[in-house]
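So the chains spell out like this:
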Amino acid sequence: MPLLLKNATLVSGKKCDLLIEEGRISKIARSISVSADEKLDAKGKLLLPGFVNTHTHAAMSLFRGMAEDMELHSWLSCVRAAEVKLSAPQVGIGTSLACAEMIKGGTTCFSDMYFHMDAAAAAVQKSGMRAVLGYGMVDLGDEKKRKSELSIAEKFVKDWNGKANGRIKCSIAPHSLYLCSAELLQAANELSKKHSIPYHIHLSETREEVFDCLSKNGKRPAHYLDSLGVLSHRAVAAHSVWLTNEEVRLLSSRKVSASLNPASNCKLAGGSAAPMPDMQKFGMNISLGTDGCASNNSLSMFEAMKFCALLQKNSRWDARVARAGSIFTAATLGGAHALGIHAGGIREGKLADLILLDAKSANLSPVHDWTANIVYSANAGNVTDAIINGKIVMKDRKLLTINEEKLVEQAQKEAEKLAAASG
Ligand SMILES: [Zn+2]
């Protein structure tokens, strides 16, 4: 069903019409007059590619505000106590809540790592979002657990990869090198290679992880993963904070993508910033993520962009680093590239994952440089419409795929149950 988008303003300031057919942008021109089944007038609105959030645990939206202002280990035990009580239907509700928040904040695709993933995938299917979903594997060195984790992960791939008109893609997601044995990390890589899907892993989020890896394996995390042969263009390394120059060089030579999660790093008081300028120097692909809602507590990519830029500038004592253009690219094209998705830009042939912003909002005026306004001044409330896979999923801030009022009520009820159950 063709969709015609009229009178949109691009970041360059130019005006254009877009024809969207079969989920893709089929034509971009100053004026297109064809009869389309559906029309959307974008007059006074700014057209952007939707944001790609490359690291989430969507269902953790139910934990929003549950464990606040705590030292890391107390925070972890509080979150884990709630996680063990989390049921599959609750993962479904939490993921729907996350999808609602993400669409309203201009995110059109996210990469998730969690459990009860069938429920998460069903929620994504209904929401109209695009997502890369992976079952988060943990074996703690136990062989029996390893086998069952791998079989759950592969069954999920077989059941869901390419589903929902191609909107759902799967990943292989070994949690991290501290919760996964070398055997699991390697077997996971074989699966990722076999199915040609992303390898989603946490890497060097805390300094403790680096010290532990050094004492256990005699190598820093990136070198350790490389010695296992699991670094490739399929790998997306979430956080990538505590990396040396040598590690950045190595990751970049293996074509690994970084997913920077600055808000989560700051909230959990990680104490440092990912070495973004070095990543850029070595040509590493950079994307942005929010991490789960227990450590952020928002899924806003506008916040991810601003936090990233500010944290980089502040930690480097140099306002010239992490420029608005490179931050915006990381939030869109960098994410699409990391996940192997043909989106993240406004070009003929690309997937029609697009958003519109109210260009006349007070907080976006005046305009000298749209990119700077988007990165430093915009917020989720500026997003008016969202199109994913060629379909309108939000119009004038109303979600068309999700009953937001009912969902918010459900989420509140389930979050209260979880809080009571986990003490
Ligand atoms: Zn995470």
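Residues numbered from 1 in each chain as written. Predicted model: local features only at pLDDT ≥ 70, side-chain atom pairs only at ≥ 80, totals over all residues. Heavy atoms only, no water.

Draft legend 1. Here's a closer look at helix 13 (residues 370-377). Burial runs high along helix 13: six of the eight residues are buried. Within helix 13, the full set of buried residues consists of Trp370, Thr371, Ala372, Asn373, Ile374 and Val375. As for helix 13, its buried residues are in contact with strand 5 (45-49), helix 11 (301-316) and helix 12 (324-339). Looking at where helix 13 begins, the residue whose side-chain oxygen comes 3.0 Å from the main-chain nitrogen of threonine 371 is aspartate 369. (Buried < 20%, exposed > 50% of the residue type's maximum accessible area, 1.4 Å probe, protein only. Helix = DSSP H or I, 4+ residues; strand = E, 2+ residues; numbered from the N terminus. Contact = heavy atoms within 4.5 Å. Polar contact = N/O pair within 3.5 Å; in protein donor to acceptor, adjacent residues only side chain to side chain.)

Draft legend 2. Region of interest: the coordination of the zinc ion. Distances from the zinc ion to its protein donors, His55 (NE2), His57 (NE2), His202 (NE2) and Asp291 (OD), fall within 2.1 to 2.4 Å. Here the donor residues of the zinc ion share one chain and are spaced in sequence as H-x1-H-x144-H-x88-D. Of the two residues, histidine 202 is situated in strand 10 (residues 199-203) and aspartate 291 in the loop between strand 13 (285-288) and helix 11; the sequence distance between them amounts to 89 residues. Note on accessibility: histidine 202 and aspartate 291 belong to one class, buried. (Donors = N, O, S within 2.8 Å, 3.2 Å for Na, K, Ca; no water.)

Draft legend 3. The arrangement of the pattern of salt bridges in detail. Tallied over the full model, the rule gives 19 salt bridges. Between lysine 6 and aspartate 17 there is a salt bridge, and its shortest N-O distance comes to 2.5 Å. Here lysine 6, found in strand 1 (residues 3-9), pairs with aspartate 17, found in strand 2 (residues 15-21); they are eleven residues apart in sequence, far enough to count as distant. Judged on exposure class, the residue lysine 6 and its partner aspartate 17 are both buried. A salt bridge links aspartate 278 to arginine 316, with the nearest nitrogen and oxygen atoms 2.8 Å apart. Here the residue aspartate 278 occupies a position in helix 10 (residues 276-281), and arginine 316 occupies one in helix 11, the gap between them amounting to 38 residues. Each of Lys45, Asp385 and Asp396 takes part in one network of salt bridges that share partners. (Salt bridge = Lys/Arg side-chain N within 4 Å of Asp/Glu carboxyl O.)

Draft legend 4. Up close: the environment of serine 12. By secondary structure assignment, the location of serine 12 is in the loop between strand 1 and strand 2. Using a relative accessible area of 58% as the deciding quantity, one classes serine 12 as exposed. When the C-alpha positions of serine 12 and valine 91 are compared, they lie 40 Å apart, and in sequence the two are 79 residues distant. Reaching out from serine 12, the side chain makes a polar contact with the backbone nitrogen of lysine 14 at a distance of 3.3 Å.

Draft legend 5. A look at a positive patch on the surface. A contiguous patch of positive charge on the surface is contributed by Lys15, Arg30, Lys43 and Lys360. Among the secondary structure elements, lysine 43 is positioned in the loop between strand 4 (38-41) and strand 5. The class for lysine 43 is exposed, based on a relative accessible area of 63%. (Patch = residues over 30% accessible without salt bridge, like charges linked within 9 Å, V, L, I, M, F, W, Y side chains within 5 Å. Areas by Shrake-Rupley, 256 points an atom, 1.4 Å probe, with all protein chains shown as cover. Lys, Arg positive; Asp, Glu negative; His and termini not counted. Charge placed at Lys NZ, Arg CZ, Asp CG, Glu CD.)

Draft legend 6. Up close: the packing of helix 11 against helix 12. Close contact between helix 11 and helix 12 brings their axes to 10 Å; oriented N to C, the two are set at 140 degrees. One finds that helix 11 runs oblique with respect to helix 12. The chirality of how helix 11 crosses helix 12 is right-handed. Across the interface between the two elements, Met301, Met305, Cys308 and Ala309 of helix 11 pack against Ile327, Phe328 and Ala331 of helix 12. Classifying every residue of the contact of helix 11 with helix 12 by side-chain character gives seven nonpolar, no polar and no charged. (Axes fitted to C-alpha atoms, helices over the stretch in contact; angles between N-to-C directions. Parallel < 35°, antiparallel > 145°, perpendicular 65-115°, else oblique. Left-handed = near helix turned anticlockwise from the far one by under 90°. Nonpolar A, V, L, I, M, F, W, Y, C, P; charged D, E, K, R; others polar.)

Draft legend 7. Geometry of the state of the cysteines. A full pass over the atoms with the stated rule returns zero disulfides. Take cysteine 99: it sits in no disulfide, and the sulfur closest to it among the cysteines is that of cysteine 109, at 11 Å. Judged by relative accessible area, which is 0%, cysteine 99 ranks as buried. The closest cysteine sulfur to the non-disulfide-bonded cysteine 170 is located on cysteine 109, 12 Å from its own sulfur. (Disulfide = S-S within 2.5 Å.)

Draft legend 8. Fine view of the nonpolar core. Core analysis: the biggest nonpolar cluster contains 112 residues, and Phe63, Leu288 and Met305 have the highest contact counts within it. A total of eight residues in this core trace back to one element, the largest contributor, which is helix 2 (residues 88-104). Excluding residues within four positions of it along the chain, leucine 288 makes contact with Val52, Asn53, Thr54, Ser259, Leu260, Met301, Ala304, Met305, Cys308, Ile327, Ala330 and Ala331. Within the second largest apolar cluster, 16 residues are counted, among which are Leu5, Cys16, Ala352 and Leu354. (Core = buried A, V, L, I, M, F, W, Y, C linked by side-chain atoms within 4.5 Å.)

Draft legend 9. Expanded view of helix 5 (residues 182-195). Between its terminal C-alpha atoms helix 5 stretches 20 Å, which fits the 20 Å expected from 14 residues at 1.5 Å a residue. Among the residues of helix 5, those classed as buried are Leu184, Leu185, Ala188, Asn189, Leu191 and Ser192. On an axial view of helix 5, the arc spanned by its buried residues comes to 160 degrees, and they lie on one face. Against the buried residues of helix 5 lie strand 8 (130-137), helix 4 (143-160), strand 9 (168-174), strand 10 and helix 7 (221-227). (Expected span 1.5 Å × (residues − 1). Arc of directions from axis to C-beta.)

Draft legend 10. Quick look at the pairing of strand 5. Burial runs high along strand 5: five of the five residues are buried. Residues of strand 5 alternate between two faces, with Lys45, Leu47 and Pro49 on one and Leu46 and Leu48 on the opposite face, all of them buried. Here strand 5 pairs with strand 14 (residues 354-358) via five bridges, running antiparallel. Bridging across to strand 14, leucine 46 finds its partner in leucine 357. (Pairing = 2+ DSSP bridges.)

That's the geometry; what it means functionally is another story.
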